[in-house]
Amino acid sequence: MRVEITDEARRYIGTFDELVGVAPTDCLVFEDGDRVVFLIPAGEMADAVGPGGTTVERVEERLGASVELVEDADTPEAFVANALAPAAVRGVTVSRQNDVVAYVEVVDADRGVAIGADGRNIEVARALARRHFDIDDVQLA
């Protein structure tokens, strides 16, 4: 599957790579650039975050936006779980019937974390899962 990246997202990816030395594979820009989500290659999350989150803070200062990171994964189940981090995900089941839906079992105490304020976290999971694995919806089971 080929992901279309906008020119604006390419600029953000370039800036992130320049500042951090990690090249994100995708970028979602929300709310007039006030929030940017980068998809980080698997195994490179520690370098992307930096010690104590200092690298992310530097990127936020440069972009003037809130920055969130999601670690890529090879399977749709692991990908959706990563997209909902830091929520504790017990399991993900992908159902392929009329639509492709990822049902996510989250520890009860972390349901709010998985959803996020105004549904922001699950919105990111849905958008990335759609773009990278053709998943139509992500639902908490």
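This text follows the structure it describes.
Calculation notes
Residues numbered from 1 in each chain as written. Predicted model: local features only at pLDDT ≥ 70, side-chain atom pairs only at ≥ 80, totals over all residues. Heavy atoms only, no water. Phe/Tyr/Trp six-rings, centres within 6.5 Å; stacked < 30°, edge-to-face > 60°. Helix = DSSP H or I, 4+ residues; strand = E, 2+ residues; numbered from the N terminus. Buried < 20%, exposed > 50% of the residue type's maximum accessible area, 1.4 Å probe, protein only. Lys NZ or Arg CZ within 6 Å of the ring centre and 35° of its normal. Pairing = 2+ DSSP bridges. Axes fitted to C-alpha atoms, helices over the stretch in contact; angles between N-to-C directions. Contact = heavy atoms within 4.5 Å. Core = buried A, V, L, I, M, F, W, Y, C linked by side-chain atoms within 4.5 Å. Expected span 1.5 Å × (residues − 1).

(A) Layout of the packing of aromatic side chains. For the structure shown, the criterion picks out 2 aromatic pairs. With centroids separated by 4.6 Å and ring planes inclined at 40°, the aromatic side chains of F16 and F38 adopt a geometry described as tilted. Of this pair, F16 sits in helix 1 (residues 7-20) while F38 sits in strand 2 (residues 35-40), and the two are 22 residues apart along the sequence. Residue F16 is classed as buried on the basis of its relative accessible area of 0%. By relative accessible area, F38 is classed as buried at 0%. Across the ring face of F30, the terminal group of R35 is positioned such that the distance to the ring centre comes to 4.6 Å.

(B) How the structure looks around unusual backbone geometry. The omega angle of the peptide bond from A85 to P86 is 15°, so this bond is cis rather than trans. A positive phi angle, near 55°, is found at D134, a position not held by glycine. Here D134 is to be found in the loop between helix 6 (120-133) and strand 6 (137-140). Given a relative accessible area of 47%, D134 falls into the partly exposed group.

(C) Spotlight on the sheet that holds strand 4 (residues 89-96). Read from one edge of the open sheet, 3 strands run 4-5-6, paired in mixed fashion. Lying at the two open borders of the sheet, with one neighbouring strand each, are strand 4 and strand 6. Each strand of the sheet is rotated relative to its neighbour by a mean of 20°, with strand direction disregarded. When strand 4 meets strand 5 (residues 100-106), the two strands line up antiparallel, connected through 7 bridges. Bridge pairing in strand 5 places S95 opposite V101. Contacts from helix 4 (residues 76-83) reach strand 4, strand 5 and strand 6 within the one sheet, and its direction differs from that of strand 4 by about 130°.

(D) Just the nonpolar core, in detail. By size, the foremost hydrophobic cluster in this structure holds 27 residues, and its most contacted members are V80, L84, V104, I135 and V138. Looking at this core, the elements that each hand over two or more residues are strand 1 (26-30), strand 2, helix 4, strand 4, strand 5, helix 6 and strand 6. The element best represented in this core is helix 6, accounting for 6 residues. When sequence neighbours within four positions are dropped, the list of residues in contact with V80 reads V92, A102, V104, A129, I135 and V138.

(E) Geometry of helix 6. With 14 residues, helix 6 ought to run about 20 Å at 1.5 Å a step, and its terminal C-alpha atoms sit 20 Å apart, in line with that. Residues I122, V124, A125, A127, L128 and A129 constitute the buried set of helix 6. Tucked inside the fold, the buried residues of helix 6 contact strand 1, strand 2, strand 3 (66-71), helix 4, helix 5 (111-115) and strand 6. Two residues or fewer after helix 6 comes D134, characterised by a positive phi angle close to 55°.

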